[in-house]
Amino acid sequence: GDSVTQMEGPVTLSEEACLTINCTYTATGYPSLFWYVQYPGEGLQLLLKATKADDKGSNKGFEATYRKETTSFHLEKGSVQVSDSAVYFCAVNRDDKIIFGKGTRLHILP
Amino acid sequence: DTAVSQTPKYLVTQMGNDKSIKCEQNLGHDTMYWYKQDSKKFLKIMFSYNNKELIINETVPNRFSPKSPDKAHLNLHINSLELGDSAVYFCASSHSGRGTDTQYFGPGTRLTVL
């Protein structure tokens, strides 16, 4: 079945550091790929998405590129802020079902 | 205006009790979902409804019974609560349930079973 593997956390970085959170997926066909973010005490919200190969999703300085050849959708940001501290979920959605990765907790130190 | 709302936000109850969580969305979406998030933040889909019709039922114990009186509401009733039911339950909605759709999540209901 479909699955998503993302790097274990927590990830702790200093403000203005570069961020990469790895995500790979297994799925047949051409799923849509998502990154959702969960801030403390809140529900998940969409950060970015890509619906076909080579698409790049971007939002709030975060980017991820749909790589069909490596079945990856790594999340990147060039300069993180304290306000980026949250749990990040990679997800794959095919047909009517979304499968989430286990989440990566990110701590940004001032 | 809150797009997806859930009540209550917190629910503390004894084993064996029956409880309900309510969800409403004002986005005009056709599809609604229930997710369970465990203590390690792992998020798993439980049910989805499209226009009041059950679409996904992910081998959830039949103590859990979703009910959708209309497409803007999806409630979750849980019978005979067990310790392992303690988790955060999230409601979500999407426009049509298609693979490209964004899902919009409620703020969650933290259920604690003592």
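For the structure, see preceding data.
Description of the structure in this document. (Residues numbered from 1 in each chain as written. Chains lettered and ligands numbered in written order. Predicted model: local features only at pLDDT ≥ 70, side-chain atom pairs only at ≥ 80, totals over all residues. Heavy atoms only, no water.)

This paragraph deals with the sheet that holds strand β1 (residues 4-7) of chain B. Residues and elements named next belong to chain B. Taken in spatial order, the four strands make up an open sheet running β1-β3-β8-β7, and their pairing is antiparallel. Sheet topology places β1 and β7 (64-70) at the edges, where each strand pairs with a single neighbour. When the angles between neighbouring strand axes are averaged without regard to direction, this sheet yields 20°. Where β7 and strand β8 (residues 73-78) come together, five bridges link them in antiparallel fashion. Bridge pairing in β8 links P66 to L76. (Pairing = 2+ DSSP bridges. Helix = DSSP H or I, 4+ residues; strand = E, 2+ residues; numbered from the N terminus. Axes fitted to C-alpha atoms, helices over the stretch in contact; angles between N-to-C directions.)

This paragraph deals with the environment of A27 of chain A. Residue and element names in this part refer to chain A. Relative to the helices and strands, A27 resides in the loop between β4 (23-26) and β5 (32-38). It is 8.8 Å that separates the C-alpha atoms of A27 and V4, two residues lying 23 residues apart in sequence. Discounting residues that sit within four places of it in the chain, A27 has contacts with D2 and V92. (Contact = heavy atoms within 4.5 Å.)

Let's shift gears to the interface of chain A and chain B. The accessible area lost on association of the parts is a frequent measure of interface size. Chain A puts 22 residues into the contact, and the matching count from chain B is 22 residues. Between chain A and chain B lies a buried interface of about 1700 Å² when both sides are counted; carbon and sulfur atoms form 53% of it. Our enumeration of links across chain A and chain B arrives at zero salt bridges. Taken together, chain A and chain B are joined by four residue pairs in polar contact (both at pLDDT 80 or more). Of all elements in the fold, only β5, β6 (44-50), β10 (86-94) and β11 (97-100) of chain A reach the threshold of two or more residues within the side of chain A that touches chain B. It is β5 of chain A that contributes the most residues to the side of chain A that touches chain B, four residues altogether. Class assignment of the residues belonging to the side of chain A that touches chain B gives a composition of eight nonpolar, seven polar and seven charged. (Buried area = accessible area lost by both parts, 1.4 Å probe. Salt bridge = Lys/Arg side-chain N within 4 Å of Asp/Glu carboxyl O. Polar contact = N/O pair within 3.5 Å; in protein donor to acceptor, adjacent residues only side chain to side chain. Nonpolar A, V, L, I, M, F, W, Y, C, P; charged D, E, K, R; others polar.)

Right, let's talk about the nonpolar core for a bit. In globular proteins that are soluble, nonpolar side chains generally tend to be buried together. Residues and elements named next belong to chain A. Formed by 26 residues in total, the largest nonpolar core has its most connected members in W35, L47, L48, F73, L75 and Y88. Elements with a contribution of two residues or more to this core: β2 (11-14), β3 (19-21), β4, β5, β6, β8 (62-65), β10 and β12 (104-109). The biggest single contributor to this core is β10, with four residues. In this structure L75 touches L19, T20, I21, W35, L47, L48, F62, E63, A64 and Y88, once residues within four positions along its chain are discounted. (Core = buried A, V, L, I, M, F, W, Y, C linked by side-chain atoms within 4.5 Å. Buried < 20%, exposed > 50% of the residue type's maximum accessible area, 1.4 Å probe, protein only.)

Turning our attention to the pairing of β12 of chain A. All names here are of chain A. The alternating pattern of β12 places T104, L106 and I108 on a buried face, while none of R105, H107 and L109, on the opposite face, is buried. Of the strand pairs in this sheet, β2 and β12 are connected by four bridges, and their pairing is parallel. Among the inter-strand pairings, T12 is bridged to a residue of β12, identified as H107. Sheet topology places β10 next to β12; three bridges connect them, and they run antiparallel. Each residue of the ladder has a partner; that of A86, found in β12, is L106.

These figures capture arrangement, not role.
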